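What follows is each chain in one-letter form.
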Amino acid sequence: MNSGEQGFLKIIERERGLQRRLSAARLSMIAIGGAIGTGLFLGSGFAIGLAGPAVLLSYAVGALIALLLMGCLAEMTIAHPITGSFGAYAEYYIGPLAGFLVRYAYWTCIVLAVGTEVTAVALYMHYWFAAAPGWVWILAFSALLIAINARSVNVFGAVEYGLSAIKVAAIVIFIVLAAYLLWSAPSRLSGTAGAGATIGLRNYTAYGGFLPHGIWGAWVAVIMAVFSYLSIEMIAVAAGEAQQPQVAVRRAFRSTVLRLILFYLLTLALILAIVPWTEAGIDESPFVKVMRALAIPGAAAIFNFVILIAALSAMNSQLYITTRMMFSLARAGYAPRRFGALSERGVPVQALLLSSIGIAIAAVLSVLAPKSAFILMVSISAFGAMFTWMMIFVTHYYFRRARAAQPPAGFRMIGFPLTTLLGAALMAAVLLTTAFTDTFRLTLAFGLPFMAALCALYWYRQARDSSSASAA
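Rules and cut-offs
Residues numbered from 1 in each chain as written. Predicted model: local features only at pLDDT ≥ 70, side-chain atom pairs only at ≥ 80, totals over all residues. Heavy atoms only, no water. Phe/Tyr/Trp six-rings, centres within 6.5 Å; stacked < 30°, edge-to-face > 60°. Helix = DSSP H or I, 4+ residues; strand = E, 2+ residues; numbered from the N terminus. Buried < 20%, exposed > 50% of the residue type's maximum accessible area, 1.4 Å probe, protein only. Axes fitted to C-alpha atoms, helices over the stretch in contact; angles between N-to-C directions. Parallel < 35°, antiparallel > 145°, perpendicular 65-115°, else oblique. Left-handed = near helix turned anticlockwise from the far one by under 90°. Contact = heavy atoms within 4.5 Å. Nonpolar A, V, L, I, M, F, W, Y, C, P; charged D, E, K, R; others polar. Core = buried A, V, L, I, M, F, W, Y, C linked by side-chain atoms within 4.5 Å. Salt bridge = Lys/Arg side-chain N within 4 Å of Asp/Glu carboxyl O.

### Comments concerning the packing of aromatic side chains
Line of reasoning, step 1. Counting across every chain of the model gives 18 aromatic pairs.
Line of reasoning, step 2. A centroid spacing of 6.0 Å and a plane angle of 10 degrees characterise the contact between Phe 383 and Phe 387, whose relative ring orientation is stacked. Here Phe 383 pairs with Phe 387, and both are found in helix 17 (residues 373-402), just four residues apart, close to one helical turn.
Line of reasoning, step 3. We classify Phe 383 as buried; its relative accessible area is 3%.
Line of reasoning, step 4. Taking relative accessible area as the criterion, Phe 387 reaches 10% and is therefore assigned buried.
Line of reasoning, step 5. Ring pairing ties together the aromatic residues Phe 100, Tyr 104, Trp 107, Tyr 334 and Tyr 458, which thus form one cluster.

### What to know about unusual backbone geometry
Line of reasoning, step 1. Of note, the bond from Phe 416 into Pro 417 is cis; its omega dihedral lies within 30 degrees of zero at 5 degrees.
Line of reasoning, step 2. Tracing the chain through its elements places Pro 417 in the loop between helix 17 and helix 18 (418-433).

### Points about the packing of helix 5 (residues 55-79) against helix 10 (residues 214-229)
Line of reasoning, step 1. Relative orientation of the contacting elements helix 5 and helix 10 amounts to 50 degrees, with a least axis distance of 8 Å. It follows that helix 5 is oblique to helix 10 by the angle criterion. The handedness of the crossing between helix 5 and helix 10 comes out as right-handed. Along its contact with helix 5, which presents Ser 58, Tyr 59, Val 61, Gly 62, Ala 63, Ile 65 and Ala 66, the element helix 10 presents Ala 218, Trp 219, Ala 221, Val 222, Met 224, Ala 225, Val 226, Ser 228 and Tyr 229.
Line of reasoning, step 2. The residue inventory of the contact of helix 5 with helix 10, partitioned by class, reads 13 nonpolar, three polar and no charged.

### As for the nonpolar core
Line of reasoning, step 1. Judged by nonpolar contacts, the single largest core of 145 residues is most densely connected at Tyr 59, Phe 86, Tyr 104, Phe 387 and Trp 389.
Line of reasoning, step 2. When residues of this core are assigned to their parent elements, the largest contribution, 18 residues, is made by helix 7 (residues 96-126).
Line of reasoning, step 3. In this view, Phe 86 contacts Leu 73, Val 102, Tyr 106, Glu 233, Ala 236, Val 237, Met 325, Thr 388 and Ile 392; residues no more than four positions away in its chain are not counted.

### A few points about the pattern of salt bridges
Line of reasoning, step 1. Scanning the entire structure with this criterion turns up four salt bridges.
Line of reasoning, step 2. Residue Glu 75 pairs with Arg 412 through a salt bridge whose shortest N-O separation is 3.6 Å. Of the two residues, Glu 75 sits in helix 5 while Arg 412 sits in the loop between helix 17 and helix 18, which places them 337 residues apart along the sequence.
Line of reasoning, step 3. Look at Glu 75 and you get buried, because its relative accessible area is 5%.
Line of reasoning, step 4. Residue classification places Arg 412 among the partly exposed positions, given a relative accessible area of 32%.
Line of reasoning, step 5. For Asp 438, the salt bridge identified is with Arg 441, shortest N-O distance 3.0 Å.
Line of reasoning, step 6. On the accessibility criterion, Asp 438 (66% relative accessible area) is exposed.
Line of reasoning, step 7. Judged by its relative accessible area of 41%, Arg 441 is partly exposed.
Line of reasoning, step 8. What you see here is one network of salt bridges that share partners, running through Glu 75, Arg 400 and Arg 412.

Okay, structure coming up:
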């Protein structure tokens, strides 16, 4: 046993109790379930409005960052497959304060991200029930998913696999139908004024050019792209409950990255060719607009149901993952002990209930600001996402330095240290960019005071513990 593994024994021991029941297939679906949700189906419309057709570049940059991130995480997770994941890695390889900040920043981010998903659910239900208030759907669907997560990890995994399978199948069908619509558009209504006349690759340049808002607009949209890819890191956290984690994680990382990049970039390319980017927005999913352009009876309603399933799937995954992060915090002594307690079914139910507070925030915002609730939730939760991703790169740098003399544990990040440092630099740049945008100005306005408060809390706890130890 090498020194790194010996040092991790204490962390592994304190997080015992969770049941290893997730297969490689379910592990992949958990990550896909979290990452293919509102960010793609609804947030992409907002990103298109920021960048125009150049949103393809924005999501390509986001995909590059995600690819680098997954490489770093794969190496660390295969070496240490535990629930605390990148929070535990930061604690061990950088220091206790880093582990404290990463865990709480990520927990807060995902708690609020649950709010963005459930806010989107209310918007999707508005398609059929325009008169019903959004908070009704928020509470109803939230109660259902909390109950699923409270049962057992096996029930959660089975439900998530089913929801994600529906979502992946729907995206494949969408790609086929949209490609057919794009291919057949020149022969239908050619030269006429109508829906068909607006379909084609010319949409990439017809409304102000490929870069209608310049390079800056495309770069700002990277913020939304990163948020859209958020949750691919869930595989690392779920590894703590995976069967044969080293094998499952390796397979899941590779398949998830390829699927996400393919789905995001290909679907966005088709949307931009079918729906002029000037018609994008968050009042309705651009996917539904494309399905309406197909002129197939009921197609838009069917796909609205599919993206509702997608949002519920993402929310289900996020409830799972934020519950496990709070469990890890409690077991590390950074949160009240009751949140580290497990039910008879091996589920940290108290941590689950605490992690549902994002739902309450979303419900309040849906009443006070129904039209801007989604973007408000995204801008606030984005800080935790970007800070966590940046710290994963930093942690990987320390991880590799600490294990320089040890052989790889089945996976090695290519191009280290350049690739790791590139990922960290890109994330730092994206995070800094939020300060210069109106939409995301709340990101740092919320994030910096929040981090200062976390640091103060950490130092207060350290001082209290030291005083208690001295008195004893």
